[in-house]
Amino acid sequence: MFASATGNASAESDFDFEELMNDVETKTQEVQNNIAAKDFATAGKEAEELKQAFKLVEGYFADRGDAADAVANAQDYQKKAQAIQDALSAGDAAKAADTAADFSKQCRGACHDKYKPL
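Cut-offs applied
- Residues numbered from 1 in each chain as written.
- Predicted model: local features only at pLDDT ≥ 70, side-chain atom pairs only at ≥ 80, totals over all residues.
- Heavy atoms only, no water.
- Helix = DSSP H or I, 4+ residues; strand = E, 2+ residues; numbered from the N terminus.
- Buried < 20%, exposed > 50% of the residue type's maximum accessible area, 1.4 Å probe, protein only.
- Contact = heavy atoms within 4.5 Å.
- Areas by Shrake-Rupley, 256 points an atom, 1.4 Å probe, with all protein chains shown as cover.
- Salt bridge = Lys/Arg side-chain N within 4 Å of Asp/Glu carboxyl O.
- Phe/Tyr/Trp six-rings, centres within 6.5 Å; stacked < 30°, edge-to-face > 60°.

S.K.: Can you help me understand the overall build of the protein chain in this one?
M.R.: When helices and strands are tallied, the protein chain shows four helices and zero strands. Along the protein chain, helices and strands appear, N-terminal first, in the series α-α-α-α. The burial tally for the protein chain puts 42% of its 118 residues in the buried class. Long-range contacts, defined as pairs at least 24 residues apart, comprise 66% of the intrachain contacts of the protein chain with a sequence gap of at least 6. Total accessible area on the protein chain stands at roughly 6,000 Å², and carbon and sulfur atoms take up 47% of it.

Shown next, in the form of structure tokens:
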């Protein structure tokens, strides 16, 4: 599913939103697990996949036109995914782990309560 995440961010019909969110949840756990396992290359790649997925999420909610908070949240998650990558590139596994844990916590609390199920 993440392979399609590199396409047009507003091409809502190019992906199934619920499937993407399930994949995001799985990928978020995999990032955390790979950081813990010290597989930083894989964790960085997965963080990039999360960033691309949230570009799609941003476009999805922007197209709806009634969810500016969800657009802002999606942008924030893209920044968090980049922060994970940056921490890994700098060799700061603790910061990457903390950011990944925060990503997971914020993702569930901020959007899911309001927008799930769609």
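S.K.: Whenever I open this one, the pattern of salt bridges confuses me. Can you help?
M.R.: Here the idea is simple: oppositely charged side chains can pair when their charged atoms come close. Per the counting criterion, the structure on display carries six salt bridges. Its salt-bridge partner being Arg64, residue Asp66 comes within 3.0 Å of it at the nearest N-O pair. Between Lys80 and Asp76 there is a salt bridge; the shortest N-O distance is 3.9 Å. Of this pair, Lys80 and Asp76 both sit in helix 3 (residues 68–89), separated by four residues, roughly a single helical turn. The exposure class assigned to Lys80 is buried, which follows from its relative accessible area of 14%. Each of the salt bridges in this network shares a partner with another, and the network as a whole consists of Lys27, Glu30 and Glu49.

S.K.: Could you clarify how one ought to interpret the packing of aromatic side chains in this entry?
M.R.: The way to describe two aromatic rings as a pair is by their centre distance and the angle between their planes. Summed over all chains, the structure comprises six aromatic pairs. With a centroid separation of 5.1 Å and 85 degrees between ring planes, the pair formed by Tyr60 and Phe61 is classed as edge-to-face. Take Tyr60 and Phe61: they sit in the same class, and that class is buried. Connected via pairs of aromatic rings, a cluster forms that spans Phe17, Tyr60 and Phe61.

S.K.: When you look at the environment of Ala93 in this model, what are you seeing that I'm missing?
M.R.: Here Ala93 shows up in helix 4 (residues 93–115). You can call Ala93 partly exposed: its relative accessible area is 25%. As for Ala93 and Phe40, which are separated by 53 residues in sequence, their C-alpha atoms are 8.1 Å apart. Excluding residues that lie within four positions of it along the chain, Ala93 makes contacts with Ile35 and Phe40.

Function cannot be read off these values alone, since they describe shape.
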